[in-house]
Every structure is written in C-alpha cells, then in structure tokens.
Amino acid sequence: MTDNIPVITIDGLASSGKSSVSKLLSKRLKYFVLDSGILYRAIAYIKINEPNSFSSKSLLNEVINNIYLKPSENLDFLVTYKDKDISNNLYEEEIGLAASEISKNEDIRNLLLPIQQGCVSMPGLIANGRDMGTKVFPNAQLKVYFTADIDVRAERRYEQLLKSGSKPSFKNIRKSLVDRDEKDINREISPLKAAKEAVIIDSSKLNIESILDKILELYKISGV
Ligand code: DC
C-alpha cells in the first residue's frame, strides 16, 4: 500500500546540510520528514542513561519496543521512550559520536528498520540519514547524496550548537565529525555510501535555496 506514496531520500556526511534542506523541502511539498539519525541518537542516549538495558538481546529488544516516532504538527517526528519525549536531549555532539559507534550493531539496525519504514505516509516522506537510499527505502522516487568540505561542515555544526546554547569547541567538533565520517563510511553493515542512482550534491559552496531548487527540479523530472 505504501508503495504508491512518494519517498525522497537524502543521505550524506555528518553536518552536510541534510536536515536543513529536508525541513525546507518538507515545507514546500508538505511531506513528512524523517531525520533517521534521531533513532541512533535516542539509543545512544538511552545507553548512556541505562547501560544495563543493553546487556542482552532481549533487553535490547525491549528498549527498542519502547521507542516511538510520533508525527508532530511540524511534519517531523518526535522520539519518545517509555512515553517520555526525549527529542530535545539528543543533539549534543557526544551523542552523535556515540550514535555512530552504536550504529555498527546489526541487531540494532535490523530492529530500527521497520520503525523507519513505518514513517511512510501520505502525502509523502523525505528521509535523511546514511542508508536511506541504499537500504531503508531502496525504491525511493528520488535519491540525493550530500557531501561538503570538512571545514564548512564543522563551522555549520559549531554555529548550530552555539545557537542552541552550548559552548562548543571548533577543534573538538571538527575532530568528532572526522571520526564519525570514518566510522560511518567504514562500518560493515549499511555503510554510508551513495546509492548508485543517487544525485550527488556538494553543498560546500551552494546556498540552501539553490540546493532546494535543484532538488525540486530533479523531483519534477522524476515524474511524481
Ligand atoms: O544524522 P545524525 O548526525 O543525527 O546521525 C548520528 C549518527 O547515527 C551517525 O553518525 C551514524 C548514525 N546513523 C546511521 O548509522 N544511519 C542513519 N540512517 C542515520 C544515522
């Protein structure tokens, strides 16, 4: 049934602009937007707070059974764990790095698959992450892959964290992004890579509106 609902996937490097572009695209198309990194971040956050919950496969199952993605009126998804909204606890860079480590785990990736696929609903979904086009939504109507220069990405992340009230260190952020890319690209299961039919966009020198126009143009051509 969901086969007829359009999906656009945006994969790419950490802080390459996937989330910002997805949000704007969602506003234009009125599609839902799934930031799949929040699921891996949620698990990292839970593991830090409840380390014992990860000591066996059945406990891991229980953790993941208690995670829900709740559609919000902004067309994105809030993450709840045991009915508590944890969405605002997930954006520190340490959580991102821990999420990258956790995302190597095949059991976790398999358990998260149906949660992500369950986000497809009318009128459509924009899904961003690392394996949206290669694994989670192989039949997506349009697949895009973002890359950008490391210094541009570190600067963006730095500004984002400053705005959210943190006191980030540029050097640490840059290092964390390099570490994360290395982990995400080289892991065995669902590594970060462009799907073969993905359109590659280098967002280093493009402003967000021109990226948006390019994707909308590609989407129109894709015939949806
Ligand atoms: O997109 P993000 O920075 O919120 O993602 C945090 C980490 O989660 C990322 O470094 C790797 C992992 N991740 C993943 O393995 N697969 C995805 N589809 C999304 C994120």
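Residues numbered from 1 in each chain as written. Predicted model: local features only at pLDDT ≥ 70, side-chain atom pairs only at ≥ 80, totals over all residues. Heavy atoms only, no water.

Student: Describe in detail the nonpolar core, supporting the description with residues and values.
Tutor: By size, the foremost hydrophobic cluster in this structure holds 38 residues, and its most contacted members are L69, L125 and F137. At eight residues, helix α2 (residues 37-49) tops the list of elements feeding residues into this core. When residues no more than four places from it in sequence are discounted, the contact partners of L125 are P6, V7, I8, Y31, F32, V33, L34, F77, C119, V120 and F137. Within the second largest apolar cluster, 16 residues are counted, among which are I10, L25, I126 and I211. (Core = buried A, V, L, I, M, F, W, Y, C linked by side-chain atoms within 4.5 Å. Buried < 20%, exposed > 50% of the residue type's maximum accessible area, 1.4 Å probe, protein only. Helix = DSSP H or I, 4+ residues; strand = E, 2+ residues; numbered from the N terminus. Contact = heavy atoms within 4.5 Å.)

Student: I'd like to hear about unusual backbone geometry, residue by residue, with values.
Tutor: Trans is the common state for peptide bonds, and a negative phi is the common state for residues other than glycine. Residue M122 is joined to P123 through a cis peptide bond whose omega torsion reads 5°. With respect to the helices and strands, P123 occurs in the loop between α5 (106-117) and β6 (125-129). One non-glycine residue, S15, adopts positive backbone phi at about 55°. Tracing the backbone through its elements, the reader meets S15 in the loop between β1 (7-12) and α1 (18-29).

Student: Lay out the pattern of salt bridges with the relevant residues and their values.
Tutor: Counted according to the given criterion, the structure contains 13 salt bridges. Between E197 and K143 there is a salt bridge; the shortest N-O distance is 3.1 Å. Separated by 54 residues along the polypeptide, E197 in the loop between α8 (170-186) and β8 (199-202) and K143 in strand β7 (residues 142-147) bring together distant segments of the chain. Here E197 falls in the partly exposed class, since its relative accessible area comes to 46%. Residue classification places K143 among the buried residues on the basis of a relative accessible area of 5%. For R187, the salt bridge is made with D184, and the minimal N-O distance between the two is 3.5 Å. It is possible to trace a salt-bridge network through shared partners that takes in E93, R157 and R180. (Salt bridge = Lys/Arg side-chain N within 4 Å of Asp/Glu carboxyl O.)

Student: Got a sec to walk through the side chain of S22? Specific residues and values, please.
Tutor: Inspection of the secondary structure assignment puts S22 in helix α1. Looking at S22, its side chain comes within polar contact range of the side chain of N128, at 2.9 Å. Each residue touching S22, except ones within four places of it in the same chain, is listed here: I10, V33, I126 and N128. (Polar contact = N/O pair within 3.5 Å; in protein donor to acceptor, adjacent residues only side chain to side chain.)

Student: So what's going on with the site of the ligand? Which residues, and what values?
Tutor: In the region of the ligand, 15 residues are neighbours, and R41, R109, R130, R180 and D184 sit closest. At 3.0 Å, a side-chain N or O of S36 approaches a nitrogen atom of the ligand. Separating an oxygen atom of the ligand from a side-chain N or O atom of R187 is a distance of 2.9 Å. For the shell around the ligand, the secondary-structure elements that each account for two or more residues are α2, α4 (93-102) and α8. Tallying contributions element by element places α2 first for the shell around the ligand, with three residues. (Near = heavy atom within 4 Å.)

Student: Before we move on, can you summarise the sheet that holds β8 with the specific residues and values?
Tutor: On the basis of which strands lie adjacent, the open sheet formed by five strands has the order β2-β6-β1-β7-β8 and parallel pairing. Every other strand in the sheet has two partners, leaving β2 (32-35) and β8 as the edge strands with one partner each. Taken pair by pair, the neighbouring strands of this sheet meet at an average axis angle of 20°, ignoring direction. Where β1 and β7 come together, five bridges link them in parallel fashion. Across the sheet, I8 pairs through a bridge with L142, a residue of β7. (Pairing = 2+ DSSP bridges. Axes fitted to C-alpha atoms, helices over the stretch in contact; angles between N-to-C directions.)

Student: Give a description of the sheet that holds strand β4 (residues 77-81) that names residues and reports values.
Tutor: With antiparallel pairing, three strands are arranged side by side in an open sheet as β3-β4-β5. At either end of the open sheet lies a strand with only one pairing partner, and these are β3 (67-71) and β5 (84-85). Across five bridges, the pairing between β3 and β4 is antiparallel. Within β4, the residue paired with K70 across the bridge is L78.

Student: Give me helix α3 (residues 57-65): which residues, what numbers.
Tutor: Looking only at α3, the buried set comprises L60, V63 and I64. Projected onto a plane normal to the axis of α3, the buried residues spread over an arc of 90° and lie on a single side. Turned more than 90 degrees away from the buried face of α3 sit S58 and N65, all of them exposed. For α3, the elements touching its buried residues are α2, β3, β4 and α5. (Arc of directions from axis to C-beta.)

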